[in-house]
Amino acid sequence: REREAFVRFSIPYRPETAVLIMPRRRSWNLKATTDEELVDAIRRAGLRLGVEEGIAYPSPAFRSFIADPANRDQIVRMPDELLLYALLEGRIDVYLRYRIVAANNIEANDAGRIVEEHPVHLEGTIHLMFSRLTVPPELALAALPAVGGGVVRDLIVQRETLAVMSSPHYPVSYSPLRAHE
């Protein structure tokens, strides 16, 4: 809400799922069917939760748990690319990560036999943010129909286009493609 003074948000343009990653065959220790129950189970078990600094996970229960100073001994903040390694080295017990990123990292590190997702997923949507100071409202509104195809992202950050594919091993993966010239 505080960001709304500085930015305009697009309509949601795609769903996003965050997952709790843990050592394989340990999810039965965290009995939960909702994100609130999952937070309570993590709190009660005293688990060290790895999170990426600055990420707004799509769960008010997890955002509150992470932000609460009373839980600081259970929250371990680090760059996202270190979360899997920290879990494998025993520096954290579980970690939150967006599903597509977690799946790619787990596959790239051949860790699929060692870790698993907890069955409770944190579902949300992704919005673009446009600066109120530098982006006129008409440009932000005109850009919205192109969002799903990545055209706006490519125009703004001048990067290569990304294609999204499914694989039999993981539900989604990114693959870089050359932007059409």
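Structural notes, computed from the coordinates.

Next up on the list: the overall build of the protein chain. When helices and strands are tallied, the protein chain shows six helices and nine strands. The buried share of the protein chain, reckoned over its 181 residues, is 39%. Sequence separation of 24 or more characterises 69% of the internal contacts of the protein chain that already satisfy a separation of 6 or more. Counting every atom, the protein chain has about 11,300 Å² of accessible surface; 56% of that belongs to carbon and sulfur.

Here we come to the sheet that holds strand E4 (residues 75–78). Spatially, five strands are ordered E4-E3-E5-E2-E6 in an open sheet, and the strand pairing comes out mixed. Where the open sheet ends on each side, the last strands, each with one partner, are E4 and strand E6 (115–126). Looking at each pair of strands side by side, their axes are set apart by 25° on average, direction ignored. Strand direction decides the pairing type here: strand E3 (residues 49–52) and strand E5 (residues 94–98), joined by two bridges, are parallel. Counted as the bridge partner of Gly-50 is Tyr-95 from E5. Set on the sheet, helix H1 (residues 35–45) makes contact with strand E2 (14–23) and E6; between it and E6 the angle comes to about 130°. The strands touched by helix H2 (residues 60–67) are E3, E4, E5 and E6; relative to E3, the strand with the most contacts, the crossing angle is about 100°.

Tallied over the entire structure, the rule returns eight salt bridges. Across the salt bridge formed by Glu-89 and Arg-91, the nearest N and O atoms sit 2.9 Å from each other. The exposure class assigned to Arg-91 is partly exposed, which follows from its relative accessible area of 44%.

Across all of its chains, the model carries one cavity of 30 Å³ or more by this definition. There is about 30 Å³ of room inside the largest cavity. Lining the largest cavity, in full, are Glu-52, Ile-55, Tyr-57, Asp-80, Leu-83, Leu-96, Arg-97 and Tyr-98. The leading source of residues in the lining of the largest cavity is E5, at three residues. Among the residues forming the lining of the largest cavity, the class breakdown is five nonpolar, no polar and three charged.

So, on to the layout of surface pockets. Space inside the second largest pocket adds up to approximately 160 Å³. Val-51, Glu-52, Glu-53, Gly-54, Ile-55, Tyr-57, Arg-63, Ile-66, Ala-67 and Arg-77 together form the lining of the second largest pocket. Those elements that provide at least two residues to the lining of the second largest pocket are E3 and H2. Residue contributions to the lining of the second largest pocket peak at three residues, all from H2.

Here is what the cut-offs are and how they apply
- Residues numbered from 1 in each chain as written.
- Predicted model: local features only at pLDDT ≥ 70, side-chain atom pairs only at ≥ 80, totals over all residues.
- Heavy atoms only, no water.
- Helix = DSSP H or I, 4+ residues; strand = E, 2+ residues; numbered from the N terminus.
- Buried < 20%, exposed > 50% of the residue type's maximum accessible area, 1.4 Å probe, protein only.
- Contact = heavy atoms within 4.5 Å.
- Areas by Shrake-Rupley, 256 points an atom, 1.4 Å probe, with all protein chains shown as cover.
- Pairing = 2+ DSSP bridges.
- Axes fitted to C-alpha atoms, helices over the stretch in contact; angles between N-to-C directions.
- Salt bridge = Lys/Arg side-chain N within 4 Å of Asp/Glu carboxyl O.
- 1 Å grid on protein atoms, 1.4 Å probe; cavity = no way out; pocket = protein on both sides within 12 Å on 5 of 7 lines; lining within 4 Å.
- Points joined across faces, edges and corners; volume = space filled by probe spheres on them.
- Nonpolar A, V, L, I, M, F, W, Y, C, P; charged D, E, K, R; others polar.

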